[in-house]
2 protein chains.
Amino acid sequence: MDLSERKRKILQAVIDEYIGTAEPVGSRAISKRENLNLSSATIRNEMADLEDMGYLIQPHTSAGRVPSDEGYRFYVNSLMEKYQMGMEAIMELQKAFQMRITRLDQIIKYAGSIASALTDYATIITAPQRGLSMLRKVDLVPISNEKTMVVVVTDGVKSQVLDMPLSEEECEILSSAINKYLKGLTSKDVTTDKMSGIKEQIREKTKLDDDVLTRVLRFVFETITADEDAEIYVSNLQSILKYPEYRDVQKAGKMFSFLENKDNLRRLVMSDSGEGIHARIGSENDDEILKDCSLVTVDYSLGTGRGGKISVIGPKRMNYSKVFASLDTISGEIDKILRYYTDNG
Amino acid sequence: MDLSERKRKILQAVIDEYIGTAEPVGSRAISKRENLNLSSATIRNEMADLEDMGYLIQPHTSAGRVPSDEGYRFYVNSLMEKYQMGMEAIMELQKAFQMRITRLDQIIKYAGSIASALTDYATIITAPQRGLSMLRKVDLVPISNEKTMVVVVTDGVKSQVLDMPLSEEECEILSSAINKYLKGLTSKDVTTDKMSGIKEQIREKTKLDDDVLTRVLRFVFETITADEDAEIYVSNLQSILKYPEYRDVQKAGKMFSFLENKDNLRRLVMSDSGEGIHARIGSENDDEILKDCSLVTVDYSLGTGRGGKISVIGPKRMNYSKVFASLDTISGEIDKILRYYTDNG
DNA sequence: GTTAGCACTCGAAGGCGTTGAGTGCTAACA
DNA sequence: TGTTAGCACTCAACGCCTTCGAGTGCTAAC
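What you see is a predicted model; the values in this text were computed from it and never measured.

About the thresholds
Residues numbered from 1 in each chain as written. Chains lettered and ligands numbered in written order. Predicted model: local features only at pLDDT ≥ 70, side-chain atom pairs only at ≥ 80, totals over all residues. Heavy atoms only, no water. Helix = DSSP H or I, 4+ residues; strand = E, 2+ residues; numbered from the N terminus. Rg over C-alpha atoms; globule rule 2.2 N^0.38 Å. Buried < 20%, exposed > 50% of the residue type's maximum accessible area, 1.4 Å probe, protein only. Contact = heavy atoms within 4.5 Å. 1 Å grid on protein atoms, 1.4 Å probe; cavity = no way out; pocket = protein on both sides within 12 Å on 5 of 7 lines; lining within 4 Å. Points joined across faces, edges and corners; volume = space filled by probe spheres on them. Nonpolar A, V, L, I, M, F, W, Y, C, P; charged D, E, K, R; others polar. Pairing = 2+ DSSP bridges. Axes fitted to C-alpha atoms, helices over the stretch in contact; angles between N-to-C directions. Core = buried A, V, L, I, M, F, W, Y, C linked by side-chain atoms within 4.5 Å. Domains from an automatic or database assignment. Expected span 1.5 Å × (residues − 1). Patch = residues over 30% accessible without salt bridge, like charges linked within 9 Å, V, L, I, M, F, W, Y side chains within 5 Å. Areas by Shrake-Rupley, 256 points an atom, 1.4 Å probe, with all protein chains shown as cover. Salt bridge = Lys/Arg side-chain N within 4 Å of Asp/Glu carboxyl O. Lys, Arg positive; Asp, Glu negative; His and termini not counted. Charge placed at Lys NZ, Arg CZ, Asp CG, Glu CD. Near = heavy atom within 4 Å. Polar contact = N/O pair within 3.5 Å; in protein donor to acceptor, adjacent residues only side chain to side chain. Phe/Tyr/Trp six-rings, centres within 6.5 Å; stacked < 30°, edge-to-face > 60°. Least-squares fit on C-alpha atoms with pLDDT ≥ 70 in both. Parallel < 35°, antiparallel > 145°, perpendicular 65-115°, else oblique. Left-handed = near helix turned anticlockwise from the far one by under 90°. Buried area = accessible area lost by both parts, 1.4 Å probe.

A short note on the overall build of chain A
Within chain A, the regular secondary structure consists of 12 helices and 10 strands. Its C-alpha atoms give chain A a radius of gyration of 27 Å, clearly above 20 Å, the size a compact globule of 345 residues would have. Each principal axis of the C-alpha distribution contributes one length, and for chain A these read about 95 × 40 × 35 Å. When burial is assessed residue by residue, chain A has 51% of its 345 residues classed as buried. Intrachain contacts of chain A at a sequence separation of at least 6 include 60% that bridge at least 24 residues.

With respect to the environment of B:L135
Residues and elements named next belong to chain B. Along the chain, the position of L135 falls in the loop between β3 (122-126) and β4 (137-142). Assessed through its relative accessible area of 1%, L135 is described here as buried. Each C-alpha atom, one on L135 and one on I15, is 53 Å from the other, the two residues being 120 residues apart in sequence.

Digging into the layout of surface pockets
Rolled over the atoms, a probe with the dimensions of a water molecule shows which regions are left empty. The volume enclosed by the second largest pocket comes to roughly 530 Å³. What lines the second largest pocket is a set of 27 residues, and nearest its centre among them are A:K137, A:E172, B:K137, B:D139 and B:E172. At the level of secondary structure, the elements contributing two or more residues to the lining of the second largest pocket comprise β4 (137-142) and α7 (168-182) of chain A together with β4 and α7 (168-182) of chain B. Here the lining of the second largest pocket is built from residues that sort into nine nonpolar, six polar and 12 charged.

A word on the sheet that holds strand β10 (residues 307-315) of chain A
Residues and elements named next belong to chain A. Strand order across the open sheet formed by five strands is β7-β3-β10-β9-β8, with antiparallel pairing between neighbours. Of all the strands in the sheet, just β7 (232-235) and β8 (278-281) have a single pairing partner and so form its edges. Averaged over neighbouring strand pairs, the angle between their axes works out to 20° when direction is ignored. As paired elements, strand β3 (residues 122-126) and β10 share four bridges and run antiparallel to each other. Its bridge partner being in β10, A122 is matched across the sheet by I313.

Section: the nonpolar core
Core analysis: the biggest nonpolar cluster contains 52 residues, and A:L11, A:F97, A:I310, A:Y320 and A:I330 have the highest contact counts within it. Inspection of this core shows a minimum of three residues originating in each of domain 1 (5-79) and domain 2 (87-130 + 231-343) of chain A. Grouped together as the second largest cluster of nonpolar side chains are 51 residues, B:V66, B:F74, B:A279 and B:Y300 included.

Topic: helix α10 (residues 249-260) of chain A
End to end, α10(A) covers 16 Å across 12 residues, agreeing with the expected 16 Å (1.5 Å per residue, within 8%). Within α10(A) the residues assigned to the buried category are A:V249, A:A252, A:G253, A:M255, A:F256, A:F258 and A:L259. Buried residues belonging to α10(A) abut β3, β7, α11 (262-270), β9 (293-301) and β10 of chain A together with α10 (249-260) of chain B.

Looking at a positive patch on the surface
On the surface, a cluster of positive charge is contributed by A:K109, A:K262, B:K109 and B:K262. Along the chain, A:K262 turns up in helix α11.

Let's talk about the protein's contact with DNA strand D
Within the structure, DNA strand D sits among 20 residues, and A:S27, A:R65, B:R6, B:T42 and B:S62 are positioned closest to it. Those atoms of DNA strand D that come within 4 Å of the protein belong to sugar or phosphate at a rate of 79%. One of the side-chain nitrogen or oxygen atoms of B:S62 is found 3.0 Å away from a sugar or linking oxygen of DNA strand D. Where the surface near DNA strand D is concerned, the elements lending two or more residues are α3 (40-52) of chain A together with α3 (40-52) of chain B. The leading source of residues in the surface near DNA strand D is α3(B), at four residues. Classifying every residue of the surface near DNA strand D by side-chain character gives four nonpolar, 12 polar and four charged.

Considering the packing of aromatic side chains
All names here are of chain B. Evaluation of the coordinates by the stated rule reveals seven aromatic pairs over all chains. Ring geometry for Y72 and Y320: centres 6.0 Å apart, planes at 55°, overall tilted. Residue Y72 is found in helix α4 (residues 69-79), and its partner Y320 is found in helix α12 (residues 320-342); the two are separated by 248 residues along the sequence. On the basis of relative accessibility, which here comes to 0%, the residue Y320 falls in the buried class.

Quick word on the relation of the copies chain B and chain A
Turning chain B through 179° and shifting it by 0.3 Å along the axis lays it on chain A, with an RMSD of 0.6 Å. Read as a symmetry element, the transformation amounts to a two-fold axis. The rotation axis passes nearest to the C-alpha of B:V249 in chain B, at a distance of 3.0 Å.

A few points about the pattern of salt bridges
Enumeration according to the criterion identifies 38 salt bridges over all chains in this entry. Salt-bridge contacts for A:K316 lead to A:D69; the nearest nitrogen and oxygen are separated by 2.6 Å. Here A:K316, found in the loop between β10 and α12 (320-342), pairs with A:D69, found in helix α4 (residues 69-79); they are 247 residues apart in sequence, far enough to count as distant. You'll find A:K316 and A:D69 in the same group, each marked buried. Here B:K309 makes a salt bridge to B:D272, at a shortest N to O gap of 4.0 Å. Of this pair, B:K309 sits in strand β10 (residues 307-315) while B:D272 is found in the loop between α11 (262-270) and β8 (278-281), placing the two residues 37 residues apart along the sequence. Linked through salt bridges whose partners overlap, the residues forming this network are A:R6, A:K7, A:E46 and A:D49.

What to know about helix α1 (residues 5-21) of chain B
Residue and element names in this part refer to chain B. Taking 1.5 Å per residue, 17 residues should reach 24 Å; α1 reaches 24 Å between its end C-alpha atoms and fits that length. Among the residues making up α1, those that are buried are K7, I10, L11, Q12, A13, V14, I15, Y18 and I19. On its buried side, α1 packs onto α2 (27-31), α3, β1 (56-57), β2 (66-67) and α4. Where α1 ends, the next residue or the one after it, A22, has phi of about 65°, a positive value.

Quick word on the packing of α7(A) against helix α9 (residues 210-225) of chain A
Residue and element names in this part refer to chain A. Orientation of α7 relative to α9, taken along the N-to-C sense of each, is 45°, at an axis distance of 12 Å. Judged on the interaxial angle alone, α9 and α7 are oblique. Along this stretch, α7 crosses α9, giving a crossing that reads as right-handed. Facing α7, whose interface residues are L174, I178 and L182, α9 presents V212, L213, V216, L217, V220 and F221. Residues of the contact of α7 with α9, tallied by class, amount to nine nonpolar, no polar and no charged.

Remarks on the interface of chain B and chain A
Contact with chain B, which involves 40 residues of that partner, is made by 39 residues of chain A. Interface of chain B and chain A: buried area, both sides summed, is about 3,200 Å²; carbon and sulfur atoms make up 57% of it. Inspection of the chain B/chain A interface yields four salt bridges. Here A:K183 and B:E168 are joined by a salt bridge, their closest N and O atoms 2.3 Å apart.

Structure, rendered in structure tokens:
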């Protein structure tokens, strides 16, 4: 459906205005804008057309207009002006990221908090899904007379304290045996048969208690096979309280409960199949509760399937332009870091 | 100041009622309770007295009464009936804790979520301050051509990926050298002189690049000396939206911002010097924003200075009795686990 | 095609009377 | 002397009504 240049401008003006004020916008407000010199009457006619076309909605007869979901969609697709992030802001961002090149999950969390700081909306981030995790090393450390810590190194490190007394020598023996037999193990390799074979070999070699062996190996296998649900973080959730859309505490409360629930989040993020940066506006969301929210999502990845997503969630009248720009930049930065971090990994 | 038995009963009834309804309670409501057979007129007289004494407040002339901070204080100190946790609830709790004896910070986080589930208020928990952490083991794992992971085991495990190429053999040599010289090291031992001495020794022995050595050792020392700020978690923050006290979104928003800020939390928890379980009611809190909240805090510890705190934060009319009982039980369970966990540690 | 003008609509805000829960006081009662 | 019934009084909450004004659609003139 084609719109005349004038209609486009008017629609854009209405949405821009509404994004700023959250109040229905009237014809007078638009006609007072410098960029198009038309009387309010003309604007009214055009707005009536735009309403017929489904881009605007009138909450009631004597009110101004509010964008419909289709209106927002059109805006995002064709009208929105590119938001230019300030040079300092970008520098700032890069500096911030550089300071923190430590743990992966930290980077991601941090990225989330930056995203919400930039946009002032709530942010959902998923940590990169672990690809195939491969066992790099197992270590056993005596903790006390009765306890031993098992440290398993894959892409990350996992440790657990098990209730069993092992001497330093025993730890040494067991860990070197495990490392010998299991190094390079991936989740694909873990089958019950194979594993009990390996367990036998190790037992043979170490002469250790069966129970001890079982428990240590179980932890090792669990760590490798754990197709850990990609972790999900939410930050700046409380920002929704700032927006008049959520003046109603009930509503805000429901939203909180929904977004506090990791299952919901996961479903939300998973159901999103788009690539690159894209928005889901209002009714485009499946969840009833999100019908008057928009979700802007970008995925960061290395092209190797390893990656995650960052979503910004806010009222439908969010500042799409700014959100798109922020997410774009952030995901770029993350990509850079991750590529650096996992090269040849 | 002594209160007659009857006044005590009436005060208790008023507070119990108010805790349930959040509405000013009138004389009729009290007189209808079975446990004291008095007409509303008599109750009125007594309530007037209690108001004179400062335990009750009348929001306006023709309203019922609301407890004052002093009223709550008296209630908590002398009136409150002991809440008996159900046997099943306790069993449930114990089972829950037993399932999760893994990482310390996990236990604590978990305890926090249990506390908020039981009480339905927001919960603040501080992880135990690390005592003197002692180096147990250092491990080096080659990650790629250019990267090596350093794993440092103390009470917990910390790892970092450093940008340096080390072969497997080099890793082996370096880590065994470090383990030989540094095992058992505590933060007390870390002085510049001593450390550069040790570094020399290790270098002598391993013939490794000075830069590599410096970076690995720096991470090790940092890990040991890090007097990590006791970590602070908040859970169930959104529960405050449920209470009519926070029907006003503005207020709720302020509260959120306040409690999202870790500095505030830290200050809040630190300023609390009490031992055992205790409450801070309304104006007993220093922060203006908490003037109509109460904070119930319990510390869990091992008597060795190692320990943390759990606080429940809610409206002044919180169910003190239940909160006290829940926190008491939870802190007991944590104590048990921690004692078990760190015995001879 | 654009605009000025006008009648019309309807939510928001404010004024006003009613209602009812609750009080304090007084006088009678046990 | 303590308790209670009764009554006048208070005041927030609620609903009703009016007013106000922002905004509309339509018509007629430019």
